[in-house]
Amino acid sequence: LQAAQPAAVTAAPAAPAPPAAPTERPRLLQALLRALDADDPGPAEALLAELGPHLPPADLQALQDLLDSYDFRGGERHVRRLLDTP
């Protein structure tokens, strides 16, 4: 008789990704502030996409609306308010 083969071991489901480091949000907001100061929507759009998981949907939409209307100073004010609130 052949010995019974052990059942295949199934891998445990992958653990969810750890939350971003607490310093990630302020770092990205500071970078967005610098991008807005340059009055160029391209880099600001890219940073806004990176910030997506770190911001409430309402703030993300407000910043997107400001960028869409080329209101860089309004964007800067909004980012400063976000930096002042944890």
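What counts and how
Residues numbered from 1 in each chain as written. Predicted model: local features only at pLDDT ≥ 70, side-chain atom pairs only at ≥ 80, totals over all residues. Heavy atoms only, no water. Core = buried A, V, L, I, M, F, W, Y, C linked by side-chain atoms within 4.5 Å. Buried < 20%, exposed > 50% of the residue type's maximum accessible area, 1.4 Å probe, protein only. Helix = DSSP H or I, 4+ residues; strand = E, 2+ residues; numbered from the N terminus. Contact = heavy atoms within 4.5 Å. Arc of directions from axis to C-beta. Polar contact = N/O pair within 3.5 Å; in protein donor to acceptor, adjacent residues only side chain to side chain. Salt bridge = Lys/Arg side-chain N within 4 Å of Asp/Glu carboxyl O. Axes fitted to C-alpha atoms, helices over the stretch in contact; angles between N-to-C directions. Parallel < 35°, antiparallel > 145°, perpendicular 65-115°, else oblique. Left-handed = near helix turned anticlockwise from the far one by under 90°. Nonpolar A, V, L, I, M, F, W, Y, C, P; charged D, E, K, R; others polar.

**Student:** Mind showing me how you'd approach the nonpolar core here?
**Tutor:** Within the largest apolar cluster, 17 residues are counted, with the highest numbers of intra-cluster contacts made by Leu32, Leu36, Leu63 and Val79. Broken down by element, this core gets its largest block of residues, seven residues, from helix α1 (residues 24-37). In this structure Leu63 touches Leu32, Leu48, Leu55, Gly75, His78, Val79 and Leu82, once residues within four positions along its chain are discounted.

**Student:** Got a minute to help me understand the environment of Tyr70 in this structure?
**Tutor:** Position of Tyr70 among the secondary structure elements: in the loop between α3 (57-68) and α4 (72-84). Separated by 31 residues in the primary sequence, Tyr70 and Asp39 have C-alpha atoms spaced 7.9 Å apart.

**Student:** Looking at this model, I keep getting lost on helix α2 (residues 41-51). Mind explaining?
**Tutor:** Three- or four-residue spacings in an α-helix give side chains the same orientation, since the helix completes a turn every 3.6 residues. Those residues of α2 lying buried are Ala44, Leu47, Leu48 and Leu51. Down the axis, α2 shows its buried residues gathered within 105° of arc, on one side only. Among the residues of α2, the N-terminal cap falls to Asp40, whose side-chain oxygen and the backbone nitrogen of Gly42 are separated by 3.2 Å.

**Student:** I'm lost on the pattern of salt bridges in this one. Help?
**Tutor:** Side chains that differ in charge, positive against negative, can pair when their charged atoms come close. Scanning the entire structure with this criterion turns up three salt bridges. Arg27 is the salt-bridge partner of Glu24, the closest N and O atoms lying 2.7 Å from each other. Of the two residues, Glu24 and Arg27 are both situated in helix α1; the distance of three residues between them amounts to about one turn of the helix. With a relative accessible area of 43%, Arg27 lands in the partly exposed category.

**Student:** Any chance you could explain the packing of α1 against α2 here in plain terms?
**Tutor:** When two helices pack together, their arrangement is given by the angle between the helix axes and the distance between those axes. The geometry of α1 relative to α2 is characterised by a closest axis approach of 9 Å and an angle of 165° between their N-to-C directions. When the interaxial angle is binned, α1 and α2 end up roughly antiparallel. Crossing angle aside, the handedness with which α1 passes α2 is left-handed. Only Pro43, Ala44, Leu47, Leu48, Glu50 and Leu51 of α2 make contact with α1, whose side of the interface consists of Arg25, Arg27, Leu28, Leu29, Ala31, Leu32, Ala35 and Leu36. Classifying every residue of the contact of α1 with α2 gives eleven nonpolar, no polar and three charged.

By themselves these figures say nothing about function.
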